[in-house]
Amino acid sequence: MLRKATAEDIVEYGDFVYGLALDQTKSAYPTYADGIKTREDFLTCARKAVVEETSELLLFCQGDIPEGWIQYFWIQEDHYLQCTTCNIRQGTAQALGELIKLLKADFPGYTFYFGFPSCNEEAVCFLQENGFQCVEEAWNNSFFFQEYQRLRPNENAVDETIVYNHIVSIGRDNFDEFRAVYWPDEKAYWNCDRILECLEDWVIYGYREEESLAGAVYFRGNQEYYEIYGMEFAGGKYQDQVCRGLLAAARSCIISTGQSKRGRAADCS
């Protein structure tokens, strides 16, 4: 059974549920098993869900035994709802079934988004059997800045002098260049219009060849944690040199703050 969680529940069961968050067969995306996010990050996120008006934390019990919790948030104007935590020891299918029944009643007209590692087979099978479609497959790689050393030219590194001659910063005055390479996906929440609305929260670099962009990378974060949300290529065709150049520019931008201790990027260099 699902019930609304309290701050006391977080104190009592927080360590137990955090342990589940480290097990990808029992948890959801975003993962806490990436070596980046911490126990305190996990508990802080749960505490916010208890007090914020547009999020909820639900404790799942079988009988009198707590088995985990589910957390989600919603954006009313977009009819958007996303599950951000689903850490269940036993009974994942039952918990999700109860959750969806609740959400259908409380959020009519909303689109629900769930993310699970493929190894959480119970969750994945339940969603497939109940009409959910997979709209994105992701591979996450962690990049730890304290271990980063720039490659020397004789180590087959990307020639950074050449790379940075191609790199341009994207702002409001040249945002149309980013639009030109952004591969349209009607199911993606962070489309060009939404990014433009809060552009100050983003860093966008373009890789220019001749008079147009061959690609672009866009990311955001804070002093300790950054995430690349996407990389786009002109015509939707992957280009290795462009990808490497954009990742090198993103890394240098983050390192230049002088305060970054950890980060996450889809890094293929």
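See the structure printed just above.
Quantities reported herein were computed from a predicted structural model and do not represent experimental measurements. (Residues numbered from 1 in each chain as written. Predicted model: local features only at pLDDT ≥ 70, side-chain atom pairs only at ≥ 80, totals over all residues. Heavy atoms only, no water.)

1. Structural notes on the pairing of strand S8 (residues 203-209)
Okay, step 1: Both strand S7 (residues 167-169) and S8 contribute to a ladder of 3 bridges, which runs antiparallel. Considered in S8, the bridge of Ile 167 is made with Tyr 207.
Okay, step 2: Here S8 folds back onto strand S9 (residues 212-221), and the loop between the two strands holds 2 residues, one of which, Glu 210, carries a positive phi near 60°. (Pairing = 2+ DSSP bridges. Helix = DSSP H or I, 4+ residues; strand = E, 2+ residues; numbered from the N terminus.)

2. What to know about the sheet that holds strand S2 (residues 55-62)
The strands that make up a sheet pair up through hydrogen bonds in the backbone, lying either parallel or antiparallel.
Okay, step 1: The 5 strands are arranged S1-S2-S3-S4-S5 in an open sheet whose pairing can be described as mixed. The outermost strands of the open sheet, each flanked by one partner alone, are strand S1 (2-4) and strand S5 (111-113). Sheet twist, expressed as the mean angle between neighbouring strand axes with direction ignored, is 30°.
Okay, step 2: Strand direction decides the pairing type here: strand S3 (residues 65-75) and strand S4 (residues 80-88), joined by 8 bridges, are antiparallel. (Axes fitted to C-alpha atoms, helices over the stretch in contact; angles between N-to-C directions.)

3. As for the pairing of S3
Okay, step 1: A large share of S3 lies buried, amounting to 9 of its 11 residues.
Okay, step 2: Bridging between S2 and S3 involves 8 bridges; their strand directions are antiparallel. Paired with Glu 56 across the two strands is Tyr 72, which belongs to S3.
Okay, step 3: The antiparallel pairing of S2 with S3 creates a hairpin that spans 2 residues between the two strands, and Gly 63 there sits at a positive phi of about 70°. (Buried < 20%, exposed > 50% of the residue type's maximum accessible area, 1.4 Å probe, protein only.)

4. Regarding helix H1 (residues 7-21)
Okay, step 1: With 15 residues, H1 extends just 18 Å between its outermost C-alpha atoms, more than 12% less than the 21 Å of an ideal straight helix rising 1.5 Å per residue.
Okay, step 2: Along its length, H1 reaches its greatest deviation from straightness, about 65°, at Tyr 13.
Okay, step 3: Looking at the buried residues of H1, the elements they touch are S1, helix H2 (39-51), S2, S3 and S4. (Expected span 1.5 Å × (residues − 1). Bend = angle between axes of the 7 residues up to and from the residue. Contact = heavy atoms within 4.5 Å.)

5. So, the pattern of salt bridges
Okay, step 1: In the structure shown here, the tally under the stated rule is 11 salt bridges.
Okay, step 2: Put simply, Arg 3 and Asp 9 hold a salt bridge, and the shortest N to O gap is 2.9 Å.
Okay, step 3: For Arg 3, a relative accessible area of 33% gives the class partly exposed.
Okay, step 4: Where salt bridges share partners, they join Asp 176, Arg 179 and Asp 193 into one cluster. (Salt bridge = Lys/Arg side-chain N within 4 Å of Asp/Glu carboxyl O.)

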